[in-house]
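# What the coordinates show
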Amino acid sequence: MRAPRWLGLLGAFLRLNIAEELQYRANFVASVLGTLFSMATALLTLALFFHHTTTLGGWDYWEIVVLLGVFNALTGVIEAVLRPGIGQLAGEVRSGELDLVLVKPVDAQGFVSFRRLDIWRITDVVLGLALAGYALFRLGHTPSLPQLAAFGVTLAAAAVVVYAIWVVLMSLAFWFVSVENIAVLFDAVYEGARYPVSAYPGALRFVFVYLIPIAWTTTIPASALTGRLRPELALVAALVAGLAFAFARALWRAALKRYAGASG
Amino acid sequence: MIERYAALIRNAWLVDLQYRASIVLWLLWGVTEPAIALGIWWAIAGDGSVAGYARADFARYFFAVMLINQLTIAWDSWYLDRWIREGDLNYRLARPLHPAHEAVAENIAYKARTASVILVVWLLVAAAWPAVRLPFEPGRWAITAVAVLLAAAMRFFISFTTGLLAFWTTRATSIMELHAGVSLFLAGRIAPLALLPPAVAGVAGVLWFRSMLAFPVDLLTGAVHGTDAVLRGLAAQLVWLGVWIAAFRLAWSRGIRRYGAVGG
Amino acid sequence: MPALVTAEQLSKTFQVKVRDPGLRGALRALFRPRYRDVHAVRDVTFRIEPGEIVAFLGPNGAGKTTTLKMLTGLLYPTSGRVEVAGFVPWTGGPPFKRRIALVLGNRQQLVWDLPPEETFLLNRAIYDIPEADYRERLAELVALLELGDVLQKPVRQLSLGERMKCELVASLLHRPPLLFLDEPTLGLDVTAQEAIRRFLIEYRERHGATVLLTSHYMQDVTALASRVLMINRGRLLYDGALEALVARIARTKRIELVLGGGGGDGNQVTAETLAAFGEVKSFRFPNAVLEVRREDAPATSARLLAALPVADLSIEDPPIEEVIRLAFARGVEEDE
């Protein structure tokens, strides 16, 4: 699909969703409060752990807070873009409403992914990045230009990896019709991304790097920002993101094929 | 009444059967949270101990949390919120049966199914991993069962009552999330209460949070010493159960009144 | 005999948030919300005797469903009085609920993932129906609705019509004397609609149930109801027999012609020719429909038969939809 048309579509989605969201005044307040609350909870949890230790997986308290900021920023992306759109997919497969999507003259995966935007959750991204910035300040570390660039690349890669994981999970909805709450599983496992991957024992570490690659989503970008990661390695992250996306897309197409064959 | 419950439970059981994959997901969610917490505390404890908890103690604690949380958790707030918002409460109100009975029956069916899975998993893991084994003490287990029952009942009424808030606000789910966030600490989901700052642990004990989960878990793992402590814990559970039943009745009568005024 | 359903000056007012369209309006509503009163039901008064089939007819948003909810105890009135089967519905409790059945056209009580039979068994337990009665009633309902082996399939695999039929079965197992149906034929195809109408008539005949249904389908009303309550914008416009309504409102008749036959030069007839006799509603050779004043209909028909080669002619009332539309638009006036 050509870019200008996609931009136009995105604009249309944005306009529709903003107008809709502004209707509910409580949504705005609740959204911000909710984010602040969950960030406070996360900081408290971290404080609890650091009540009993000085490092976690070799990371200091404020380093992990940087990671927490990245986690929140990514959560913002998930809540703003992914969950509203892809989250509905399983229900639509079950009810057959997906057919309404498939007859539209746009790429189904793109449509499903971006059709609904919970724009208030962008505040999560802002708050998350702010937290990361504050933590850097407390660390006394100002990221160099290569580090910032690496952060940008790895953060974008992280978003792509998260997106790919979601697409894979949602594609499962075509095989297991009753997995509407598969998003729940994502939430549970993604909790593991709150901490640096080095904090986990070996087996879990393996899972989080190679199987359910959430380590690439928070640990790597945070490492880039704090200087733990050599900036060149950001390209590896981009490669991982590309692979993840390709895999997810392939799975999606297989799922659609099955759906088109199966439904009456 | 027994026949009605038998029919309701049977119905719920059959519906659950249809949602096998869904339930597996919820199960996995119920397991990942304690697993991640265990992972972190495992790393922190190292070869020593934290506030009296060594690695094995953490392992036993969090397995107990897995089992007992599954036995006591109640999702009714979410269902009720949806029933009220989507008009599914109407036909239930037109029947000569209080909707709470249906919710209770669903809890029984769901918990019987999921808790038995966790129990089997625990037994299997215990066969390979001595750290998670519990000494065979039928007396202790019997008392724990009572505490679990009280906790489950109380959490049901908490959940149902917060769900009834949907009569007044569209943000009932936010309030539920708030409660869940607080209980992450105060109910002992993220760490044994002994690891919290004493003041915080005190609040958990004074309020209903300890009665929700931490107390039955401590009972099972042998962290409650002396008949006195056991009795006081059970008494606290009874008191809070009473409080929440009263809250439920108040919320129901007021809520129904409001529903009759403003409709679905 | 006291009426089964009594409504006196029944009113219901809701408060609804006001929002101007567009982004600016949305922002305004965010910070300073305004409310307005919606008078869903205004001073509605009627009585229904046991055994009647009564239809509440009205466009969407007229207040039919709100009235129904007040009759079934789901809403309580803002003012006025309502009594159903000797109970005040709002406070009736289980004894009242055992005497009614509520079927909502757009929401279902059937458990989605299980065969309908499971929901039936559940209702049997909820309403304490003895085993023998349950079997007998289930058999009768299944036969009347021609359900056959649909009962074994999960509800989600049934067609909309089959689901509605099963909905009816589930609601009638406890054989309540009062049936409240809210848009029961909503979204169904013609066959299913007719099946359900036939069923309701048959059921009423057998068991003497009182049926109240809301609908915006004209055919529901003509097929089922002896009595029509027309509601629009919360007010009761008309309460009485349908034929009387038609007679009162419809000042015109329609003459339906089939041209041709006899002289053989039917194709000489043009719209202009016909226009001399009355208003041409439609003309597609050989069919034509003319509208004339009611009192002129016989005479005009005679002239048509004499002047034109007519193969077939009949005098009809205008379509009921139009009658109703007229009624709602003008309010129901006394005829001249």
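Source: prediction; values computed, not measured.

## Things to note about the sheet that holds strand β2 (residues 34-48) of chain C
All names here are of chain C. The three strands lie next to each other as β2-β1-β4, forming an open sheet whose pairing is antiparallel. Unpaired on one side and paired on the other, β2 and β4 (79-84) mark the two borders of the sheet. Strand-to-strand, the axes of this sheet are offset by a mean angle of 30°, without reference to chain direction. The sheet contact formed by strand β1 (residues 5-18) and β4 spans five bridges and is antiparallel. Bridge pairing in β4 places E8 opposite R81.

## A short note on the interface of chain B and chain A
Many descriptions give the size of an interface as the accessible area lost when the pieces come together. Counting residues at the interface gives 30 residues for chain B, matched by 32 residues for chain A. Ranked by residue count, the leading element in the side of chain B that touches chain A is helix α2 (residues 20-45) of chain B, at 14 residues.

## Topic: the interface of chain B and chain C
Facing the 21 residues of chain B at the interface are 24 residues of chain C. Looking at the side of chain B that touches chain C, the element that brings in the most residues is helix α1 (residues 2-18) of chain B, giving eight residues. Here the side of chain B that touches chain C is composed, by residue class, of eleven nonpolar, six polar and four charged.

## Focus: the confidence of the model for chain A
On average, chain A scores 81 in pLDDT, and the residues at 70 or more come to 84%. Taking the mean pLDDT of every element in chain A, the minimum, 66, falls on helix α1 (residues 3-23) of chain A and the maximum, 91, on helix α7 (residues 122-139) of chain A.

## Observations concerning the domain arrangement of chain C
Here the domain parsing of chain C yields domain 1 (5-246) and domain 2 (251-316). Averaged C-alpha coordinates put domain 1 of chain C and domain 2 of chain C at centres separated by 43 Å.

## Focus on the nonpolar core
Residues V161 and W166 of chain A, M154 of chain B together with F180 and V228 of chain C are the most contacted members of the largest nonpolar core, which totals 235 residues. In terms of residue count, the dominant contributor to this core is helix α8 (residues 145-171) of chain A (17 residues). Among residues more than four places away in sequence, those in contact with V228 of chain C are A55, L57, V221, Y238, G240, L242 and L245 of chain C. Among the nonpolar cores identified, the runner-up in size contains eleven residues, and I255, L257, A288 and L308 of chain C belong to it.

## Examining the pairing of strand β5 (residues 100-104) of chain C
Residue and element names in this part refer to chain C. A large share of β5 lies buried, amounting to five of its five residues. Burial along β5 is two-sided: I100, L102 and L104 facing one way and A101 and V103 facing the other are all buried. Bridge analysis of β5 against strand β6 (residues 178-182) gives five bridges, and the strand direction is parallel. Bridge pairing in β6 places L104 opposite D182.

## So, unusual backbone geometry
Residue and element names in this part refer to chain C. Non-glycine residue Q9 carries a positive phi angle of around 50°. Mapping Q9 onto the fold places it in strand β1. In this structure, A85 takes a positive phi of about 50° despite not being glycine. Structurally, the position occupied by A85 is in the loop between β4 and α3 (93-97).

## Focus on the sheet that holds strand β12 (residues 287-293) of chain C
Residue and element names in this part refer to chain C. Read across the sheet, four strands follow the order β11-β12-β10-β13 without closing on themselves; strand pairing throughout is antiparallel. Edge strands, defined here as strands with exactly one partner in the open sheet, are β11 (279-284) and β13 (310-316). For this sheet, the mean angle separating the axes of adjacent strands, direction not counted, is 15°. Sheet analysis places β11 next to β12, joined by five bridges and oriented antiparallel. Bridge pairing in β12 links R284 to N287. Against the sheet, helix α11 (residues 297-307) makes contact with β10 (252-259), β12 and β13, and its axis sits at roughly 175° relative to β13, the strand it touches most.

## Some details on helix α6 (residues 99-128) of chain B
Taking 1.5 Å per residue, 30 residues should reach 44 Å; α6 of chain B reaches 44 Å between its end C-alpha atoms and fits that length. Burial in α6 of chain B covers these residues: E102, A103, V104, A105, E106, N107, A109, Y110, T114 and A115 of chain B.

## Things to note about helix α11 (residues 215-226) of chain A
Residue and element names in this part refer to chain A. In this model, α11 (twelve residues) spans 16 Å end to end at C-alpha, consistent with the 16 Å of a helix rising 1.5 Å per residue. Burial analysis of α11 places twelve of its twelve residues in the buried class, which makes it a mostly covered element. Looking at α11, one finds that the buried residues are A215, W216, T217, T218, T219, I220, P221, A222, S223, A224, L225 and T226.

## Points about the pairing of strand β3 (residues 53-57) of chain C
Residues and elements named next belong to chain C. When you tally the buried positions in β3, you get five out of five residues, the bulk of the element. Burial along β3 is two-sided: the face carrying I53, A55 and L57 and the face carrying V54 and F56 are both buried. Where β3 and strand β7 (residues 210-215) come together, five bridges link them in parallel fashion. Pairing of F56 across the sheet is with T214, part of β7.

## Description of the environment of R228 of chain A
Residue and element names in this part refer to chain A. With respect to the helices and strands, R228 occurs in the loop between α11 and α12 (234-262). R228 sits in the partly exposed class, given 17 other C-beta atoms within 10 Å. In this structure the C-alpha to C-alpha distance between R228 and W59, which are 169 residues apart in sequence, comes to 10.0 Å.

## Considerations on the environment of A147 of chain B
All names here are of chain B. If you trace the backbone, A147 turns up in helix α7 (residues 138-164). A147 sits 90 residues away from Q237 along the chain, and the two C-alpha atoms are 7.6 Å apart. In this structure A147 touches F215, P216, L219, L234 and Q237, once residues within four positions along its chain are discounted.

Rules used in this analysis
- Residues numbered from 1 in each chain as written.
- Chains lettered and ligands numbered in written order.
- Predicted model: local features only at pLDDT ≥ 70, side-chain atom pairs only at ≥ 80, totals over all residues.
- Pairing = 2+ DSSP bridges.
- Helix = DSSP H or I, 4+ residues; strand = E, 2+ residues; numbered from the N terminus.
- Axes fitted to C-alpha atoms, helices over the stretch in contact; angles between N-to-C directions.
- Contact = placed C-beta atoms within 7 Å.
- Nonpolar A, V, L, I, M, F, W, Y, C, P; charged D, E, K, R; others polar.
- pLDDT = per-residue confidence, 0-100.
- Domains from an automatic or database assignment.
- Core = buried A, V, L, I, M, F, W, Y, C linked by C-beta atoms within 7 Å.
- Buried ≥ 20, exposed ≤ 12 C-beta atoms within 10 Å, placed from the backbone.
- Expected span 1.5 Å × (residues − 1).

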